[in-house]
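What follows is each chain in one-letter form.
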Amino acid sequence: MIHCLPTPILTRPSVGADLIVQPSQLSCSHCSFSGCLFVAVDLVIAATLFQIAYLYQRRWAAENAERHSTYRQALDDAQAAEESAAAEATTEQLAAGVGFSDAELASAKPVAAEAEPATASSTSKSAAAVPTAQLSWPEKRAQLDALFAARALQWDGLPSLTAALYLFNPFTIMTCLGTATIAFSNLGVVLAVYFALTGDAVLSGVSLAWAVYNSLYPIVLALPLSLFL
């Protein structure tokens, strides 16, 4: 009795079998692409925030420099007025002294003599008797320059701080990991503000329309942004 053993069936693989993409591979490639896209969007938002803060820093620095120049000019005018008044007073005193008689000048000497001890006593009390506000004009200018220099340093590093606060914000990180589309709305809002500050009404309106298309609430920025244009 002959037993027939089953023979294995050899099948030829189809031509397109090697082109089939597994679902796991497709999901991984999709996640990597979306992750890179949202990271790029967040980087663009951070760069735009950096530029907005830089524009504000430049504008504040220009106002600070203009205010400094105004105060410096006022200080120079006050010094010139004081010197002119002192010169006029000296001239008037000399002119008045010419018309005095010897008797009047003699009667005026005790008044001056009484004033001298008071002056001597006031100067002998040490430097504390002299008010600190009585500074020379170069010292006043130096204090004014130091004050405005310190105010200028207050806004130094603001653009970098603004960008870092956005990038390392936990809400930004979770939005990027969750691939939430609110990032595109934030991009539209930030671009609308930037273009409004630069005076480009068309691009600001397009960016705001893009933000409103993704989310409705940015429509409230239409009136504030129009004030910059």
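Just above sits the structure.
Residues numbered from 1 in each chain as written. Predicted model: local features only at pLDDT ≥ 70, side-chain atom pairs only at ≥ 80, totals over all residues. Heavy atoms only, no water.

### Points about the packing of helix α6 (residues 182-198) against helix α7 (residues 201-214)
Inference 1: As a packed pair, α6 and α7 sit with axes 8 Å apart at the nearest point and diverge in direction by 160 degrees. In terms of axis orientation, α6 runs roughly antiparallel to α7. Judged by the twist between their axes, the crossing of α6 over α7 is left-handed. Counting all contacts with α6, which are made through Phe 184, Ser 185, Gly 188, Val 189, Leu 191, Ala 192, Phe 195 and Ala 196, the residues of α7 involved are Leu 203, Ser 204, Ser 207, Leu 208, Trp 210, Ala 211 and Asn 214.
Inference 2: When grouped by side-chain class, the residues that make up the contact of α6 with α7 number 10 nonpolar, five polar and no charged. (Axes fitted to C-alpha atoms, helices over the stretch in contact; angles between N-to-C directions. Helix = DSSP H or I, 4+ residues; strand = E, 2+ residues; numbered from the N terminus. Parallel < 35°, antiparallel > 145°, perpendicular 65-115°, else oblique. Left-handed = near helix turned anticlockwise from the far one by under 90°. Contact = heavy atoms within 4.5 Å. Nonpolar A, V, L, I, M, F, W, Y, C, P; charged D, E, K, R; others polar.)

### Observations concerning unusual backbone geometry
Inference 1: Positive phi, close to 50 degrees, is recorded for Thr 179, a residue that is not glycine.
Inference 2: Along the chain, Thr 179 turns up in the loop between α5 (170-177) and α6.

### Quick word on the packing of aromatic side chains
Inference 1: Applying the stated criterion across every chain yields a total of four aromatic pairs.
Inference 2: Seen in terms of ring centroids, Tyr 71 and Phe 148 are 5.8 Å apart; in terms of plane orientation they differ by 45 degrees. Their pairing is tilted. One end of the pair, Tyr 71, is in helix α1 (residues 23-99); the other, Phe 148, is in helix α3 (residues 137-153), and 77 residues separate them in sequence.
Inference 3: Judged by relative accessible area, Phe 148 falls into the buried class, the value being 5%.
Inference 4: Between Trp 210 and Tyr 213, the ring centres sit 6.3 Å apart and the planes meet at 25 degrees, which makes this aromatic pair stacked. With a gap of three residues between them, Trp 210 and Tyr 213 both fall in helix α7, about one helical turn apart. (Phe/Tyr/Trp six-rings, centres within 6.5 Å; stacked < 30°, edge-to-face > 60°. Buried < 20%, exposed > 50% of the residue type's maximum accessible area, 1.4 Å probe, protein only.)

### As for the pattern of salt bridges
Inference 1: With the rule as written, the count across this model stands at two salt bridges.
Inference 2: One salt bridge in this structure joins Asp 145 and Arg 72, with 3.2 Å as the shortest N-O distance. Here Arg 72 lies in helix α1 and Asp 145 lies in helix α3, a separation of 73 residues in the sequence.
Inference 3: We classify Asp 145 as partly exposed; its relative accessible area is 27%.
Inference 4: Across the pair Arg 141 and Asp 76 runs a salt bridge, and its minimum N-O distance is 3.0 Å. On the criterion of sequence distance, the pair formed by Arg 141 in helix α3 and Asp 76 in helix α1 is long-range, its members being 65 residues apart. (Salt bridge = Lys/Arg side-chain N within 4 Å of Asp/Glu carboxyl O.)

### Concerning α3
Inference 1: For α3, with 17 residues, the first-to-last C-alpha span of 25 Å sits near the 24 Å given by 1.5 Å per residue.
Inference 2: All buried positions along α3 are accounted for by Trp 137, Arg 141, Leu 144 and Phe 148. Within α3, the buried residues cover an arc of 65 degrees as seen down the axis, which keeps them to one side. What points out from α3, more than 90 degrees from its buried face, is the exposed set Pro 138, Gln 143 and Leu 153. (Expected span 1.5 Å × (residues − 1). Arc of directions from axis to C-beta.)

On their own, these measurements won't tell you what the molecule is for.
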